[in-house]
Amino acid sequence: MAEPGTSADPGPKFGTPGPIGSGGARGISVPADQPYGSWHPAAKALQERFGSEWISPFPLVVNRAGPTDQVCVRVPPDRLLEVMRFLHDDARCRFDLLADLTCVDYLYFPNATDRYGVTYTLASTSLRHRIWIKCFVNDPEPVVPSVTSIWKGANWQEREVWDMFGVRFEGHPDLRRILLWEGFGSYPLRKDYPVQGLGERASYEVLGPESA
Amino acid sequence: MTTDQSSQGIQTGQRYTLERDQQHSDRWVLNFGPQHPATHTTLRLVLTLEGERIVDCIPDIGYLHSGFEKMGEVHDINQYVTVTDRMNYLSPVMNNLVWHHAWEKLIGIELTPRCKVIRTIIGELARIQDHVLSAGASALDLGAFTPFLYLFEDREVIYDLLEEISGARYMNSYTRLGGLKADITPEWPAHVKAFLKRMPRTLADCEALLLRNRIFIERLRGIGYISRQDAVNWSWSGPIARASGVVRDLRKDEPYLCFEPNWDGRGSSPVDFKVPVSDMGDCYARFVIRLEEIRQSLHIIEQLIDNIPPGPVNVSPDEKLLLPDKTEVWGSIEGLIHHFELVMWNRGWELPVGEAYGTVESPNGELGFYIVSSGGRSAYRARLRPPSFINYQVFGDLVRGHQISDVVAVLGSLNIIAAELDR
């Protein structure tokens, strides 16, 4: 890696991307005769490392064309860091990019058993595949270990989930609200937060010119 | 100064003035924004300065938070497309495209070849539109006004092209579930070809004005450097990651539309283009990569514009996804029932229960929607993966140690769109 400003040729070069990866392309067909996820190298590596009793890959959605190739794995919060560290380091996984971190409130979802599903979209820049990790937590104290020690890019995304859902991330270096202000009383993306009405705005004090 | 101490500076109720740091008497705390010409929209930086050198920088965002994701839970699939226009408003069609791309992945819809080609073309037009503005504006912020005007003239042409097919100039809302709002006009390919002729000339003018300009180069070279490892670890994607040497382009890695092999079912090969990368990782590299990506996008459009396949633009009406043609609605009882089935609030689409992540290579990086459907008429949860938000979190590290005037250069090179940043 050249230091800034030392490269002799400043113009762009052209990269040669590798073969097409799985986890997004519709071109990958899902074999129907094998257990789901057996074609996915990372899901297989996870099962070998942690045992297939509690690692069971499932498709994010079964649509009218059948199960998709977007593989999801459910991980309990107490083993999350261990699994994430393995996915980041192992040679068959190499998930060096945390593409997305979000949360879903399953309060009114049909047949849901847990409330908050923290969802990690992991991608690999070298092996070009993806995997989805779901970690479910519940009221009254939803806590998930922070993955900022593995991917620094989780920093603001975890702050956003804390801001919008009230899911706390243990071990986060600076867990403050990010889009809303400190002192905002509730978590607006929870399903029990109303879409209509004034909400907490009804109790705001009115500022006059002298208070500026 | 540690993060803990400096984060005190953005507690609620702090006054927006220049203040002397309490612990270090030679340091000053300066508020940059939320209203500043170089931030383009509303974002705030709390800078700790030692003379003109930046010791610490804390971004403070949220001034434009509008609850777009909550709105996605009440609007139906085709209504919400108007909201996606307002996210990254420099390239609204790209947001339309990814919203319906994610839904089509969730439902499992295969688009018609004509629709795929038109969507690819407008996607590349959106990329040019975005890069032209971000390159022009980052030059403008550094004092080079002329290239901005040159580039904006061509951007106007793209507005005209999109207006011709969608009817709207700025907020296009052009895509629909399983198709498009309307087919292209017969003259549209000729107008696009006229644009393809004029754009390279403007690019050459800008490069002649900027890339041999010593002042411009010295303002950008070595500024805001990030290594490849850090760029990946901070979840960077898109042109700014490629400027640090990350060879990753979703059009190649996880192809969609016409970037997919055999996209029309008749064995067509994917569209040919190259992925520009650089290993320099500074503001200059990001600027050069954007200009080169405009060229590659022009090349993609060139291949497709003469070969738009004939046939229907939307999926078959039998799939009960799109509103039927108006002549059908007024002329036949089936069409009328079909129309009412879709527009009545207690009917609508039959959606599968599940989740899907659809993503495209947007001008700013990986733009994705994580959609959860509980089978209702609208999404249960519509999460946007916002490239601006994720790219911006490392900003404090990028400007630390630089001069205060370099803040503007780095901000321009990252192309932060506050509407997408705060959503």
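This is a predicted model, so every value here is computed, not measured. Along each chain, the written sequence defines residue order, and numbers are assigned to residues from 1. Note on labels: chains are lettered from A, ligands numbered from 1, in written order. Only residues with pLDDT of at least 70 get local features here, since the model is predicted, and only at 80 or more are side-chain atom pairs given and counted; chain-wide, interface and lining totals rely on the full set of residues.

## Regarding the interface of chain B and chain A
Our contact criterion uses C-beta atoms placed from the backbone: two residues qualify when those atoms are within 7 Å. In this complex, chain B contributes 67 residues to the contact, which on the side of chain A involves 55 residues. Per-element accounting of the side of chain B that touches chain A gives the leading share, six residues, to strand E8 (residues 353–362) of chain B. Nonpolar residues are Ala, Val, Leu, Ile, Met, Phe, Trp, Tyr, Cys and Pro. Charged residues are Asp, Glu, Lys and Arg, and all others, Gly as well, are polar. Each residue belonging to the side of chain B that touches chain A can be placed in one class, and the counts come to 27 nonpolar, 20 polar and 20 charged. Under the DSSP-based scheme used, a helix requires at least four consecutive residues in state H or I and a strand at least two consecutive residues in state E, with every element numbered from the N terminus.

## Brief notes about the nonpolar core
By definition, a nonpolar core groups buried Ala, Val, Leu, Ile, Met, Phe, Trp, Tyr and Cys residues that are joined through C-beta atoms within 7 Å. Counting other C-beta atoms within 10 Å of its own, a residue is labelled buried from 20 upward, exposed at 12 or fewer, and partly exposed in the gap between, with every C-beta atom placed from the backbone. A:Leu122, A:Ile131, B:Ala102, B:Ile371 and B:Val410 are the most contacted members of the largest nonpolar core, which totals 166 residues. Here this core gets 14 residues from one element, more than from any other, and that element is helix H5 (residues 113–141) of chain B. Where each domain begins and ends follows an automated or database-derived domain assignment. Counting contributing residues, this core receives three or more from each of domain 1 (3–60) and domain 2 (68–315 + 350–422) of chain B. Residues contacting B:Ile371, with those up to four places away along its chain left out, are B:Ala102, B:Trp103, B:Leu106, B:Glu355, B:Ala356, B:Ala379 and B:Ala382.

## Comments concerning the sheet that holds E8(B)
Residues and elements named next belong to chain B. Here we have three strands laid out as an open sheet, ordered E8-E9-E10, and antiparallel in their pairing. Strands at the two margins of the open sheet, each flanked by one partner only, are E8 and strand E10 (381–385). Sheet twist, expressed as the mean angle between neighbouring strand axes with direction ignored, is 10 degrees. In this sheet, strand E9 (residues 365–374) lies alongside E8 in antiparallel orientation, the contact comprising ten bridges. For Thr359, the partnering residue across the bridge sits in E9 and is Gly368. Two strands are said to pair when DSSP picks up at least two bridges between them. Helix axes use the C-alpha atoms of the stretch in contact, all axes being lines fitted to C-alpha atoms, and the angles between their N-to-C directions lie in the range 0 to 180 degrees.

## Concerning the domain arrangement of chain B
Interface size is commonly expressed as the accessible area that is lost once the parts come together. All names here are of chain B. One can read the domain layout of chain B as domain 1 (3–60) and domain 2 (68–315 + 350–422). Look at where the C-alpha atoms of domain 1 and domain 2 centre, and you get two points 32 Å apart. Listed as interface residues are 17 residues of domain 1 and, on the opposing side, 18 residues of domain 2. Of all the elements, strand E4 (residues 53–60) adds the most residues to the side of domain 1 that touches domain 2, at six residues. A class-by-class count of the residues in the side of domain 1 that touches domain 2 yields ten nonpolar, four polar and three charged.

## Regarding the environment of B:Pro59
Residues and elements named next belong to chain B. Secondary-structure assignment places Pro59 in strand E4. As for Pro59 and Leu45, which are separated by 14 residues in sequence, their C-alpha atoms are 4.5 Å apart. Ignoring anything within four residues of it in the chain, the contact list for Pro59 reads Leu43, Leu45, Tyr392, Phe395 and Gly396.

## Topic: helix H1 (residues 41–50) of chain A
Residues and elements named next belong to chain A. Those residues of H1 lying buried are Ala42, Ala43, Leu46 and Gln47. In an axial view of H1, the angular spread of the buried residues amounts to 140 degrees, which keeps them on one side of the axis. If you follow the buried residues of H1, they end up packed against strand E5 (71–74), helix H2 (80–89) and strand E8 (130–137). Looking one or two residues beyond H1, the residue adopting positive phi is Gly51, at roughly 85 degrees. The arc in question is formed by the directions pointing from the helix axis toward the C-beta atoms.

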